[in-house]
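# Examining the three-dimensional arrangement
In case you want the letters, here they are:
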Amino acid sequence: MRALRAEHGWSQADLAERLDVSRQTVNAIETGKYDPSLPLAFRIARVFGSSIESIFDPGDQA
């Protein structure tokens, strides 16, 4: 998600505003400390025009 956000030139605060969540929530998702709820995952996918799977592929996690 961090890479997609950077591609759009958005700060964490910018993305948080688009998703109607706190900047801390965006940070926690990006650092792997928090898994978004399904409704939030759908909002994230919509904002980026991508599928949930392309953003949150479990095989990509370290």
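Refer to the structure presented above.
Residues numbered from 1 in each chain as written. Predicted model: local features only at pLDDT ≥ 70, side-chain atom pairs only at ≥ 80, totals over all residues. Heavy atoms only, no water.

Assignment of secondary structure puts S22 in the loop between α2 (12–19) and α3 (23–30). Judged by its relative accessible area of 32%, S22 is partly exposed. Separated by 16 residues in the primary sequence, S22 and L38 have C-alpha atoms spaced 17 Å apart. For S22, the side chain forms a polar contact with the side chain of T25, separated by 3.0 Å. (Helix = DSSP H or I, 4+ residues; strand = E, 2+ residues; numbered from the N terminus. Buried < 20%, exposed > 50% of the residue type's maximum accessible area, 1.4 Å probe, protein only. Polar contact = N/O pair within 3.5 Å; in protein donor to acceptor, adjacent residues only side chain to side chain.)

A few words on unusual backbone geometry. Phi angles above zero are rare outside glycine, and D20 is one such case at about 60 degrees. Mapped onto the elements of the fold, D20 is located in the loop between α2 and α3.

Everything listed here is a matter of geometry and, on its own, says nothing about what the molecule does.
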